[in-house]
Amino acid sequence: MAQENSQDYYVYVGTYTHGDSEGIYVYRLDGETGALEYSSKITGVENPSFLDIHPSGRYLFAVNEIGEFEGKASGAVTAFYIHGSTGELSFLNQQATGGGAPCHVSIDATGKYLLVANYGGGSVAAFPIGKDGRLGEASDFVQHQGSSVNPGRQSEPHAHAIMIDGSNRFAFAPDLGLDKILIYQLDLENGKLVPNTQPWARVHPGAGPRHLDFHSNGKYAYVINELDSTFTAFRYDENAGSLTEIQSISTLPDDFDGTSHCADVHVHPSGKFLYGSNRGHDSIVICAIDEETGMLTYIDCESTQGQTPRNFGLNPAGTFLLAANQQTSNIVTFAVDAETGELTETGKVAEVPNPVCLKMLACSYS
């Protein structure tokens with residue numbers, strides 16, 4: 001097996017299937033050069049936008065970001081089998097998510113349950129995962145309630161993600177429509193999302209929280225806010241599942257005066273840096289993390305060499321960052337400086353129609 005810093009990975013690319021896209025695309029990432037080589041695709045699934053991979057490495061799950069499924073007002077989530085020798089996908093089954101436009105999916109560390117956030121419906125749901133990777137019907141469904149200050153985007157709830165912490169005890173759902181991160185206790189015996197003692201944490205009005213990532217030390221969490229292009233840094237109590245705000249910082253350079261909206265956020269595997277994507281400015285923002293305080297310091301914004309970087313991914317070694325430019329249908333590979341966190345173009349660009357989400361699996365995974 002190759003060393004971690006040169007490990008090859010299958011990169012699964014979720015897309016929107018309007019235009020030229022046909023489904024989920026599979027590429028192979030060269031751990032030495034950062035080049036992406038096309039491997040396969042699976043067609044016949046509508047808008048498989050956001051993906052997650054089962055802890056066993058044997059199954060992949062995709063939300064189907066649609067408003068109607070089997071004649072009802074609902075999105076869907078689809079299960080696939082991963083062929084270990086090739087990385088190819090085979091369809092297993094689908095379930096209704098109970099709310100429209102599901103936009104995010106995550107799996108608990110035991111591999112027993114899958115969680116979905118429904119953007120259009122402003123709700124979250126849990127699904128049991130069978131031993132064969134197939135999804136059962138929803139074991140829980142929680143409808144969010146309320147609104148916030150932006151009448152165009154926040155007149156109702158819009159759950160934009162649902163992430164699980166490192167302890168696998170709590171789930172966090174940033175809701176763009178509410179300016180809150182809803183916090184749930186994970187009941188893995190019954191597949192339930194139980195409101196936490198601290199049921200939510202608030203960001204500033206009009207921020208529009210979208211995605212969240214945890215620091216590897218378990219002490220901090222970082223939310224990227226879509227509507228006002230900011231990060232909100234929180235102190236995290238792993239025992240209580242509680243968030244306490246410590247800082248808010250812009251994701252844009254001071255001299256930018258155009259329109260931009262944030263999308264994705266990732267802590268570097270080293271814990272030293274935080275990255276976020278700006279759609280409009282079309283860049284990846286880089287911040288340094290003070291691991292003693294959790295505070296952020298703006299470093300730079302690097303152009304993604306394309307338009308609308310909806311999501312991006314870091315390989316586990318932290319040597320490469322892959323930016324998925326939705327509007328220009330390409331994925332651009334950047335080298336990451338381990339000391340400064342800065343990004344450098346590698347010249348490696350893959351043409352992929354409407355890329356939305358990137359997930360990686362080690363090629364030697366079996």
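(A) Representation of the overall build of the protein chain in the model. Looking only at helices and strands, one finds zero helices and 30 strands in the protein chain. When each of the 366 residues of the protein chain is scored for burial, the buried share is 58%. Long-range contacts, defined as pairs at least 24 residues apart, comprise 49% of the intrachain contacts of the protein chain with a sequence gap of at least 6. Summing over all exposed atoms, the protein chain offers an accessible surface of approximately 14100 Å²; the carbon and sulfur share of this is 45%. Each charge class in the protein chain was averaged separately, 20 positive and 44 negative side chains, and the resulting centres sit 8 Å apart.

(B) The sheet that holds strand β23 (residues 273–279), seen in detail. Across the sheet, which stays open at both edges, the four strands sit in the order β22-β23-β24-β25 with antiparallel pairing between neighbours. Two strands in the sheet have a free side with no partner beyond their single neighbour: β22 (261–267) and β25 (296–303). In this sheet, adjacent strand axes meet at a mean angle of 25 degrees when their direction is disregarded. Note that β22 and β23 share five bridges and pair antiparallel. Each residue of the ladder has a partner; that of H266, found in β23, is Y275.

(C) Main features of the packing of aromatic side chains. Summed over all chains, the structure comprises six aromatic pairs. Consider the rings of Y27 and Y38, whose centres lie 5.6 Å apart with planes at 75 degrees: the pair is edge-to-face. With a gap of eleven residues between them, Y27 in strand β2 (residues 23–29) and Y38 in strand β3 (residues 36–43) connect regions that are remote in the sequence. Here F80 and F91 contribute two aromatic rings whose centre-to-centre distance is 6.4 Å and whose plane-to-plane angle is 80 degrees, an arrangement assigned as edge-to-face. Placement of F80 in strand β8 (residues 76–82) and of F91 in strand β9 (residues 89–96) is noted, with a sequence separation of eleven residues between them.

(D) The arrangement of the layout of surface pockets in detail. The computed volume of the largest pocket comes to approximately 1300 Å³. Every residue lining the largest pocket is counted, 42 residues in all, and those nearest its centre are D52, D213, H266, L314 and K359. Elements that contribute at least two residues to the lining of the largest pocket include exactly β4 (48–53), β10 (102–107), β14 (163–164), β18 (209–214), β22, β26 (309–314) and β30 (355–362). Element by element, the count of residues in the lining of the largest pocket is highest for β30, at five residues. Here the residues of the lining of the largest pocket are counted per class, giving 22 nonpolar, 14 polar and six charged.

Scoring rules and cut-offs
- Residues numbered from 1 in each chain as written.
- Predicted model: local features only at pLDDT ≥ 70, side-chain atom pairs only at ≥ 80, totals over all residues.
- Heavy atoms only, no water.
- Helix = DSSP H or I, 4+ residues; strand = E, 2+ residues; numbered from the N terminus.
- Buried < 20%, exposed > 50% of the residue type's maximum accessible area, 1.4 Å probe, protein only.
- Contact = heavy atoms within 4.5 Å.
- Areas by Shrake-Rupley, 256 points an atom, 1.4 Å probe, with all protein chains shown as cover.
- Lys, Arg positive; Asp, Glu negative; His and termini not counted.
- Charge placed at Lys NZ, Arg CZ, Asp CG, Glu CD.
- Pairing = 2+ DSSP bridges.
- Axes fitted to C-alpha atoms, helices over the stretch in contact; angles between N-to-C directions.
- Phe/Tyr/Trp six-rings, centres within 6.5 Å; stacked < 30°, edge-to-face > 60°.
- 1 Å grid on protein atoms, 1.4 Å probe; cavity = no way out; pocket = protein on both sides within 12 Å on 5 of 7 lines; lining within 4 Å.
- Points joined across faces, edges and corners; volume = space filled by probe spheres on them.
- Nonpolar A, V, L, I, M, F, W, Y, C, P; charged D, E, K, R; others polar.

Everything listed here is a matter of coordinates, which is why it stays silent on function.
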